[in-house]
Each structure stands twice: as C-alpha cells, then as structure tokens.
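Read off the chains here:
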Amino acid sequence: MSKGRPRPAGGRLARGLPALASVVGAVLLWEIYVRLSGISPLVLPAPSRVIEQMGVNRALLWENTLPTLSATLTGFAFSVSIAFALSVALDFLPKLRRALFPIFVVSQTLPLVAIAPLAVLWFGFGLTPKILLVALVTFFPMLVALVDGYESTDPEIETLMRSMGASRWKVFRAARFPSAMPYFFAGLRISITYAVVAAIFSEYVGARAGLGIVILNAKNSFRPDLMLAAVVVSSTLTLVLFGVSALLQRALLRWREAGQTR
Amino acid sequence: MRNVGVTLGETAVLDDVSLHVGQGEFVSILGPSGAGKSTLFRLLTGALAPDRGEILRDCAPLKLDGQTFAFMPQRDALMPWRRIIDNVILGLEVQGVPRAEARARALPLFVEFGLEGFEQRYPAELSGGMRQRAALLRTVIQARPIQLLDEPSACSTRSPAHRCSAGWKTAGGPRAGPRCLSPMMCARRWPFRIASMCCRAVPPA
Ligand SMILES: Nc1ncnc2c1ncn2[C@@H]1O[C@H](COP(=O)(O)OP(=O)(O)OP(=O)(O)O)[C@@H](O)[C@H]1O
Ligand SMILES: [Mg+2]
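What counts and what doesn't
- Residues numbered from 1 in each chain as written.
- Chains lettered and ligands numbered in written order.
- Predicted model: local features only at pLDDT ≥ 70, side-chain atom pairs only at ≥ 80, totals over all residues.
- Heavy atoms only, no water.
- Axes fitted to C-alpha atoms, helices over the stretch in contact; angles between N-to-C directions.
- Helix = DSSP H or I, 4+ residues; strand = E, 2+ residues; numbered from the N terminus.
- Parallel < 35°, antiparallel > 145°, perpendicular 65-115°, else oblique.
- Left-handed = near helix turned anticlockwise from the far one by under 90°.
- Contact = heavy atoms within 4.5 Å.
- Nonpolar A, V, L, I, M, F, W, Y, C, P; charged D, E, K, R; others polar.
- Donors = N, O, S within 2.8 Å, 3.2 Å for Na, K, Ca; no water.
- Buried < 20%, exposed > 50% of the residue type's maximum accessible area, 1.4 Å probe, protein only.
- Salt bridge = Lys/Arg side-chain N within 4 Å of Asp/Glu carboxyl O.
- Near = heavy atom within 4 Å.
- Polar contact = N/O pair within 3.5 Å; in protein donor to acceptor, adjacent residues only side chain to side chain.
- Phe/Tyr/Trp six-rings, centres within 6.5 Å; stacked < 30°, edge-to-face > 60°.
- Lys NZ or Arg CZ within 6 Å of the ring centre and 35° of its normal.

Undergrad: Honestly, the packing of helix 4 (residues 94-109) of chain A against helix 6 (residues 128-151) of chain A in this entry has me stumped. Any pointers?
TA: All names here are of chain A. Interaxial distance between helix 4 and helix 6 falls to 9 Å at its minimum, and their mutual angle equals 140°. Here helix 6 runs oblique to helix 4, going by the angle between their axes. Crossing of helix 4 over helix 6 shows left-handed handedness. Of the residues in helix 6, those touching helix 4 at R97, F101, F104, V105, S107 and Q108 are L136, V137, F139, F140, P141, L143, V144, V147 and E151. Residues of the contact of helix 4 with helix 6, tallied by class, amount to 11 nonpolar, two polar and two charged.

Undergrad: What am I meant to see in the coordination of the magnesium ion (ligand 2) here?
TA: When a metal carries six donors in an octahedron, the ideal angles between them are 90 or 180 degrees, while four donors in a tetrahedron ideally lie at 109.5 degrees. All names here are of chain B. Within the protein, the atoms that donate to the magnesium ion (ligand 2) are S38 (OG) and Q74 (OE1), at distances of 1.9 to 2.2 Å. Linking S38 in helix 1 (residues 37-44) with Q74 in the loop between strand 7 (69-72) and helix 2 (84-88), this pair joins segments that are 36 residues apart in sequence. You can call S38 partly exposed: its relative accessible area is 25%. Residue class for Q74 comes out partly exposed when judged on its relative accessible area of 36%.

Undergrad: Just to check I follow, could you spell out the pattern of salt bridges for this structure?
TA: Pairing between side chains of opposite charge can happen when their charged atoms approach one another. All chains considered together, the criterion is met by 18 salt bridges over all chains. For R131 of chain B, the salt bridge identified is with D76 of chain B, shortest N-O distance 2.8 Å. Within this pair, whereas R131 of chain B is found in helix 6 (residues 128-140), its partner D76 of chain B is found in the loop between strand 7 and helix 2, the two being separated by 55 residues in sequence. According to the relative accessible area criterion, R131 of chain B is partly exposed, its value standing at 21%. For the salt bridge of R105 of chain B with E101 of chain B, the shortest nitrogen-to-oxygen distance reads 3.2 Å. Taken as a pair, R105 of chain B and E101 of chain B lie in helix 4 (residues 99-106) at a separation of four residues, close to a single helical turn. Through salt bridges with shared partners, a single ionic network connects D91, R97, E151, E158, R162, R168 and R176 of chain A.

Undergrad: Help me understand the site of ligand 1, please; the structure alone is not making it clear to me.
TA: Residues and elements named next belong to chain B. With respect to spatial proximity, the complete set of residues near ligand 1 consists of L8, V13, S33, G34, A35, G36, K37, S38, T39, R42, Q74 and E151. In the environment of ligand 1, an oxygen atom lies 2.7 Å from a nitrogen or oxygen atom belonging to the side chain of S38. At 2.5 Å from an oxygen atom of ligand 1 is found a side-chain nitrogen or oxygen belonging to T39. Counting residues per element, the shell around ligand 1 draws most heavily on helix 1, which supplies four residues. Residue composition of the shell around ligand 1, grouped by class: three nonpolar, six polar and three charged.

Undergrad: Any chance you could explain the packing of aromatic side chains here in plain terms?
TA: Centre-to-centre distance and the angle between the planes together describe a pair of aromatic rings. Residues and elements named next belong to chain A. Taken as a whole, this structure holds 13 aromatic pairs over all chains when the rule is applied. Pairing F104 with F139 gives two aromatic rings, centres 5.2 Å apart and planes at 70°, and the pair type is edge-to-face. Here F104 is found in helix 4, whereas its partner F139 is found in helix 6, with 35 residues between them in sequence. A centroid spacing of 5.6 Å and a plane angle of 10° characterise the contact between W169 and F172, whose relative ring orientation is stacked. Of this pair, W169 and F172 both sit in helix 8 (residues 168-204), separated by three residues, roughly a single helical turn. Judged by relative accessible area, W169 falls into the partly exposed class, the value being 43%. Among the aromatic residues, those joined into a ring-pair cluster are F84, F92, Y150, W169, F172 and F177. Residue placement shows R97 over the ring face of F101; its charged tip is 5.7 Å from the ring centre. Of note, R168 hangs over the ring of F92, and the distance from its end group to the ring centre comes to 4.5 Å.

Take a look at the structure:
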C-alpha cells in the first residue's frame, strides 16, 4: 500500500532477459551460418558486417534518420490532432459518424504502394506527401481507438453525472474523455510503429533524404549490408518511439497502476 | 409516485406502484432481489421514463433538472482515474463550485466517513466498504433536498455505520433533515418507515 512500491532490483532486466537471449541467439546463428556456408556478402552479409557498415556510414545514417523522424512525428501529430478533433465531433453527432465512417474504412483499404507514388506526383518531393501518407495510415486506428474509448464509459457513471445535473459537455470532459485514455494510448503505441513504416515507404518512392532513400540507393548499388544497416536504424527508431509512448502512458495514466500490487 | 408502471422489454418491472414520502422522512424500500428497487431510482434520476402513472413533487410533476436528488448508485460508480477526494467533490464540481473550495469543504468530512488518510488514493486502492463510504460522502456532500441511496451497504457494518450517520448529520447541515429513500438502510436514528416491494418481476414465459 505504500507509495513507492518496492520492486526487486533489476527485476525488469531479469524479465527482459529471455527476449534478449533469443535475439542474441538468432544473430549468432546467422553469423555462424554465413561463416560456415561462405555465402557471398552481396547476397547475405553477416551481422558483424552490418554492424561494421553502421559504424562506417554513421554520418550518412544519422543525417538521413533526422528527416525520417521529422516526417514521422509531424505526420503523426497531424493525424492525432485531426483524429481527436473529429472524434469529439463524432461523439456528439452520431449521424455524422454514420455518414463518415464508411469513408474512413475505405481509406484504410487503399494500397500504400499505389497511393505513395501518387502523393509524390501530386505534392512533390518535400515533406507534404510524407505527412499525408503517415496520416493516412495512422488516422483511422487513432480515430477508432478514441471513439471506442468514449463508448467504453461506465453507463452508471454517466447516469450518476446526469443525476447531478451535468451537461452533455461536462459528462464528456469528466467521464467519457478520461475513459478513452487507455484506448487512446493503446492506439498510439500501435500507430506510431505504422507511422515509421509509412514514412520510410513514402521516402522510398520519392524524397531527397531519409532512411527510405538510403535503402533505395543501397538497393540500387547492390549493397545489402548497407540496406540492413538502415533497417537496423529504422527498427531502433521505431522501438524508441514505441518506448516513449509507453512511458508517456505510464506517466499520464498513473491511476491504472494503482491497486495493482505489482 | 402515483400508479407508476414500467415495462422493460417484455417484463412488467413496476406495476401500479404508489409511494408518498413526506418532508424529513426516512423511507427504506425493502424487497427481494429483482423486485424493482433500483428501477424506482432510475425513474427518479431520469435515466428511465415511466410508461404509466406520474411522479410528483410538491403536487407538481417532478422536474428532472438535477437539482432535487443526490443519487448513490448500487455499484459505487467511482471514477477509477480520479483520486478519492476528487471523486467525492464531483457533484460540487458539476454544481459549479471551484475545485479548491469543493476540496476544502470535503476534507473535514473524511474522518467521519472513516476515510481519513485515503484522500489522495485511487478507488482501486480502497476496500469495498471504503468505496461505498466514499460514494456515500459524494452523495451527502451535494446537499440536495432528497437523497436516493441504493443499498449503501457500507453502513451495515457496525463501526463505520455510527461514524457514517454522524457524518451524515454534519454534512446535511442544520436543515430540517434530508428526505431519504433508501433500500436496506441500517441506521435507526431517524423517523423511519419501511415500504416493501414484495414481488419479484417475472418475465413472461
Ligand atoms: N433493461 C432491462 N430490460 C429488461 N428487464 C430489466 C432491465 N433492467 C432491469 N430489468 C429487470 O427489472 C427487474 C428489477 O430490476 P432492479 O434492478 O430494479 O431490481 P432490484 O430490486 O434493484 O434488485 P437488487 O436488489 O438485486 O438490486 C429485474 O427483474 C430485472 O431483470
Ligand atoms: Mg438494485
């Protein structure tokens, strides 16, 4: 019951150990296979070579990570703001919801492979098509998370608030919105990973810089080692963003941990 | 309430219910599970409209303006994301009392409701009885003319019952005394009447 729950020292490390062990094991197997089979690095480079390339090209990789990060974050911020504003409107106007939801569902069926080149064709090589593509991919999951979250509100809490004479808006602010927060963060964690993939893909079809461009150039010059180095960087970027949103959730939803002994 | 009837789905949940509650009166409504006690309250809080009959207050049709009743639901309906103190002041907040002032008004009552030291805790950290008492405090502090308590069972255990009833008087203030409608209320100190609902609603076969 005390405020600082005692956590066994290194408990989290111990819990992460199996995952770490399996990753290290897989990489080792890969390394051993490449060495024993003598396969050409032009087909399958060893992990040691990929790491070496990351070191050699660290300036190039870093320079190209920043545009990808900024495209991801700008697009995602744009998409979350629109999703939030719209979710509030839809919560108050169920008719609007029935009218617009089919459109959003259709937007999710559009193949990115076709839309991305079109976006570049229409909006050029700048940031705009990237923002739009990231938004296209992440907008609907965020909207659904929020709308479902509002619907998850305990009806007894709403009845109680109405018995107090609360307005519809007050009920939204005090009950429906906080009820949606766990859903919102669940959506956030998933969408942010989609956002990175969308940003890289939109760079791949047309951009001046970015990890997508590094991957494209490495592919065109038959450098799988550099491609994989860029992939490692992009995965790391995704993991970091995922971790940041998890931390954000922990900081903002501390009540969810209350009452859990561990 | 005059000849009130409610049909939910196929079930006649309330049939020809009449009940009069006078000023300063404390009425307990007893009845087996499923008799329709909570449904009566849903009518009074406006969550449900009667299909037949009428509900009057001071001879005029009851206005559902949220000014008349303070309602304590059967399940406590505490907001898990709010600390206990902020759950307790929800009604005052809705009434437009600034948060700081509402908290200042609520804090002295925590001792009498057996919740001292738990002001800053979240509902998940409280026992079932404590949650019920927090919900009771949230109801009482609204200082409405009529209180509707749906099974405030936290007051059925001995020691907090005493403290609760004391707290109730403090929070209710020097007014003539609240009118209460309460299924299963234990306190025996007020003018006290029991209305019984004997039959359980039976869905048609
Ligand atoms: N939405 C509904 N549709 C159909 N029947 C319902 C609905 N809500 C409640 N009922 C029925 O109405 C009856 C009365 O319910 P109510 O909740 O008022 O009982 P209660 O007297 O409060 O019981 P308890 O003591 O268990 O809380 C029950 O038989 C229940 O099945
Ligand atoms: Mg009930």
